[in-house]
Amino acid sequence: MAYFSGANNLRDIALSPAYATLCGFTERDVDEVFGSELAGLDRERIRGWNNGYSWGGEEKVYNPVDLLLLFAERHLRSPNDPRSDRERPSSSSVQ
């Protein structure tokens, strides 16, 4: 009988730089995959709103849920954005 199965020897990749962008969208992903969704949006404001996150890698990633909600609803949703729930800009004026 084996005391150590494969499931007991999982490799933790949580802080491995090779997998740092696994759970989000990189700047390149946003440009290449969602380029058509960016029309009318202020990219610098999006960067400041999302701020990116990383697990020890050099490159930060966007939270995929927040970014997809932004593209669907066309407004920023954040407690730090004073307009997030009070004023909803039209689809052509998200700034």
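None of these values were measured; they are calculated from a predicted model.

1. Notes on the environment of S16
Working step 1: Along the chain, S16 turns up in the segment before helix 1 (27–33).
Working step 2: For the pair S16 and G57, spaced 41 residues apart in sequence, the C-alpha to C-alpha distance is 7.5 Å.
Working step 3: Apart from the residues lying within four places of it in its own chain, the contact partners of S16 are R11 and W55.

2. Some remarks on unusual backbone geometry
Working step 1: Its identity is not glycine, yet R74 carries a phi of approximately 65 degrees, on the positive side.
Working step 2: Among the structural elements, R74 can be located in the segment after helix 3 (64–73).

3. Side note on the pattern of salt bridges
Working step 1: Under the counting rule described, the total for this entry stands at six salt bridges.
Working step 2: Two residues, E37 and R74, come together in a salt bridge whose shortest N-O distance is 3.5 Å. With E37 in the loop between helix 1 and helix 2 (43–50) and R74 in the segment after helix 3, this pair connects stretches of sequence that are 37 residues apart.
Working step 3: Exposure remark for R74: the relative accessible area of 12% places this residue in the buried category.

4. Concerning the packing of aromatic side chains
Working step 1: One pass over the structure, following the stated rule, counts two aromatic pairs.
Working step 2: Residues F34 and F71 carry aromatic rings whose centres are separated by 5.2 Å and whose planes lie at 35 degrees to one another, so their mutual orientation is tilted. Here the residue F34 occupies a position in the loop between helix 1 and helix 2, and F71 occupies one in helix 3, the gap between them amounting to 37 residues.
Working step 3: Looking at F34, the relative accessible area reads 13%, which means it is buried.
Working step 4: Put simply, the rings of F25, F34 and F71 touch in pairs and so form one group of aromatic residues.

5. Focus: helix 3
Working step 1: What helix 3 keeps buried is the set L67, L70 and F71. Along the axis of helix 3, the buried positions cluster into a sector of 95 degrees, meaning they face one direction only. In helix 3, the exposed residues that point more than 90 degrees away from the buried face are V65 and A72.
Working step 2: At the N-terminal boundary of helix 3, the capping side chain belongs to N63, with an oxygen 2.9 Å from the backbone nitrogen of V65.
Working step 3: The first or second residue beyond helix 3 is R74, which carries a positive phi of 65 degrees.

The rules behind these values
- Residues numbered from 1 in each chain as written.
- Predicted model: local features only at pLDDT ≥ 70, side-chain atom pairs only at ≥ 80, totals over all residues.
- Heavy atoms only, no water.
- Helix = DSSP H or I, 4+ residues; strand = E, 2+ residues; numbered from the N terminus.
- Contact = heavy atoms within 4.5 Å.
- Salt bridge = Lys/Arg side-chain N within 4 Å of Asp/Glu carboxyl O.
- Buried < 20%, exposed > 50% of the residue type's maximum accessible area, 1.4 Å probe, protein only.
- Phe/Tyr/Trp six-rings, centres within 6.5 Å; stacked < 30°, edge-to-face > 60°.
- Arc of directions from axis to C-beta.
- Polar contact = N/O pair within 3.5 Å; in protein donor to acceptor, adjacent residues only side chain to side chain.

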